[in-house]
Amino acid sequence: MGCFFSRRRKPPQGGQQREQQREQQGQDGAAGEQKAPQYSWDQRAKIDPKDYTFSGLKNETVGRLPGKVAGQQFVIQDCENCSIYIFDHSATITIDDCVNCQIFLGPVKGSVFFRDCKDCKCIVACQQFRTRDCRKLEVFLCCATQPIIESSTGMKFGCFQYYYPELALQFKDAGLSIFNNTWSNIHDFTPVSGENNWGLLPETAVVQDYVPLPSSEELKAVRISTDATKSIIPITRGRRQKSSDESCLAVFFAGDYTTANARKLIDEMSGKGFQLVQTKEVLMKAEDARRVFQQCASEFIPLLEKGPVVALEFNGDGAVEGCQSTINEVFSGTKVFVSESKASASQDVDNFYNFADMQMGM
């Protein structure tokens, strides 16, 4: 085998001078060139994962103020005896190997996943909630889909109950409806015959007894209330036993004041001693309306094009009459579906929530 050597060809006479001139011109041209164009994605602030992680903490109070997470993913891991507060919306949050912690998680657009945690008390709002290999978690929950536990024991759940001024907008930024909360509809992937891996917190449970307000000066700036009447999420009974065999369905249709009207009715009915069992915000089609509203459907079908409806189930003796009178007095100029009688109300509730569960894939 031979070796090949390349030899630069000697330029012809006079060519060497021209080549030097071209090289000089190239250098001058490069010096005069403008800077490379700048694009918007080049100017974005760089994300430092450490700003979105709490790891290896012990006996500390830490958190993030409103606007500091802004829809990013967050990780909490290997923390012990800590109080942790995320006062902002986020994409997803994973909580791994935490022991004896108190945790508040503002609205999460995607999933919240607890793994290998024990003896923690939490307040959580999310699209999806899941635990695996956890023990003794007590959670005040708002979850848009069915919460799932797997290989977990001693789990207790209550309805999300919290307020601070930025929270309502954070729910919108996370794409979560305050009326879609299946906090008590738990699915256990790994049930044990003769045992129950989960239950409900006492109705008298006080949120601050489980997750105290933050003690650090920085986090005290968040104006928090755990008063049930101020909670962003309406407090529902969920799957607790109903106090009466009479329920009533009320449905508000999309408009400028749908949320305000629904909350006003909740306040009025609660003030009269009736209990809010469940709420739902969902889109309906004409065929859905015919199935749910039956003979009244034609009156409401034109309203469905404006957006989702908000449905409320109230319970208590005289709930139908109480709801009808309240709507006539307070919402006289607003189109609202209300159960006509005690006899039809139970079917109204079943028709609507069966449809809503199918619509939302429950």
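Cut-offs and rules
Position numbers for residues start from 1 in each chain and track the written sequence from start to end. Note on the predicted model: pLDDT of at least 70 is required for a residue's local features to be given, and 80 or more for side-chain atom pairs to be given and counted; whole-chain, interface and lining totals, by contrast, use all residues. Each side-chain value is derived from all of the structure's non-hydrogen atoms; neither hydrogens nor water enter the calculation. UniProt positions are given in the numbering used here, feature names are shortened, and annotations may be inferred rather than shown by experiment. Secondary structure follows DSSP: runs of H or I at least 4 residues long count as helices, runs of E at least 2 residues long count as strands, and numbering of each begins at the N terminus. Note on exposure labels: buried denotes an accessible area under 20% of the residue type's maximum, exposed denotes more than 50%, and partly exposed covers the range between, all computed with a 1.4 Å probe on protein chains only. Contact definition: two residues touch when any of their heavy atoms are within 4.5 Å. The protein chains shown are the only cover counted for residues, whose accessible areas, like all others here, come from Shrake-Rupley with a 1.4 Å probe. Here a polar contact means two N or O atoms within 3.5 Å. Within protein one must be a hydrogen donor candidate and the other an acceptor candidate, and residues neighboring in sequence count only if both atoms are side-chain atoms. Only C-alpha atoms enter the line fits that serve as axes; for helices the fit covers just the stretch in contact. Angles between N-to-C directions range over 0 to 180 degrees. With respect to orientation, any angle under 35 degrees is reported as roughly parallel, any angle over 145 as roughly antiparallel, any angle of 65 to 115 as roughly perpendicular, and every other angle as oblique. By definition, any crossing whose near helix is turned counterclockwise from its far helix by less than a right angle is left-handed, and any crossing with a clockwise turn is right-handed. Polar here means any residue other than Ala, Val, Leu, Ile, Met, Phe, Trp, Tyr, Cys and Pro, which are nonpolar, and Asp, Glu, Lys and Arg, which are charged; Gly is therefore polar. In this description, strands pair whenever DSSP reports at least two bridges between them. Two rings belonging to Phe, Tyr or Trp (six-membered ring only in the last case) form a pair when the distance between their centres is within 6.5 Å. Interplanar angles under 30 degrees mark stacking, angles over 60 mark edge-to-face geometry, and anything in between is tilted.

Where an unreviewed UniProt entry is consulted, the protein appears under the name Protein XRP2, with the organism given as Xiphorhynchus elegans. In its Subcellular location (unreviewed entry) section, UniProt records this for the protein: "Cell membrane".

Overview of the overall build of the protein
Regarding its fold elements, the protein presents eight helices and 16 strands. Going through the 362 residues of the protein one by one, you find that 45% of them count as buried. Of the contacts formed within the protein by residues at least 6 apart in sequence, a portion of 55% connects residues at least 24 apart. Taken as a whole, the protein presents about 19,700 Å² of accessible surface, with 46% of it coming from carbon and sulfur.

A closer look at the side chain of Asp96
Residue placement: Asp96 occurs in strand β5 (residues 93-96). Within the structure, the side chain of Asp96 is placed 2.7 Å from the side chain of Arg115, a separation counted as a polar contact. In this structure Asp96 touches Ile76, Gln77, Asp78, Arg115 and Cys117, once residues within four positions along its chain are discounted.

Considerations on the packing of helix α4 (residues 258-271) against helix α7 (residues 319-330)
Two measures define how a pair of helices packs: the angle their axes make with one another and the distance between the axes. Remark: α4 packs on α7, axes separated minimally by 10 Å, with the N-to-C direction vectors making an angle of 130°. Here α4 lies oblique to α7, going by the angle between them. Crossing of α4 against α7: the hand is right-handed. Facing α4, whose interface residues are Lys264, Leu265, Glu268 and Met269, α7 presents Ala319, Gly322, Cys323, Thr326, Ile327 and Val330. A breakdown of the residues in the contact of α4 with α7 according to their chemical character gives six nonpolar, two polar and two charged.

What to know about the environment of Ala70
By secondary structure assignment, the location of Ala70 is in the loop between β2 (61-64) and β3 (74-77). Between the alpha carbons of Ala70 and Asp173 there is a distance of 8.9 Å; along the sequence they are 103 residues apart. Apart from the residues lying within four places of it in its own chain, the contact partners of Ala70 are Asp88 and His89.

Looking at the sheet that holds strand β16 (residues 336-338)
Strand order in the open sheet formed by four strands is β14-β15-β13-β16, and the pairing between neighbours is antiparallel. Looking at strand neighbours, the two that pair on one side only are β14 (275-282) and β16, the edges of this open sheet. Within the sheet, the average angular offset between the axes of one strand and its neighbour, ignoring direction, is 15°. Sheet topology places strand β13 (residues 247-252) next to strand β15 (residues 309-315); six bridges connect them, and they run antiparallel. Residue pairing for β15: Cys248 is matched across the bridge by Phe314. Here helix α8 (residues 342-359) sits on the sheet in contact with β13, β14, β15 and β16, set at roughly 45° to β14.

Remarks on the packing of aromatic side chains
Under the definition given, this model contains 21 aromatic pairs. An angle of 85° between the planes, with centres 6.5 Å apart, marks the rings of Tyr52 and Phe74 as edge-to-face. Within this pair, whereas Tyr52 is found in the loop between α1 (15-32) and β1 (53-55), its partner Phe74 is found in strand β3, the two being separated by 22 residues in sequence. Relative accessible area serves as the criterion here: at 14%, Tyr52 is assigned to the buried category.

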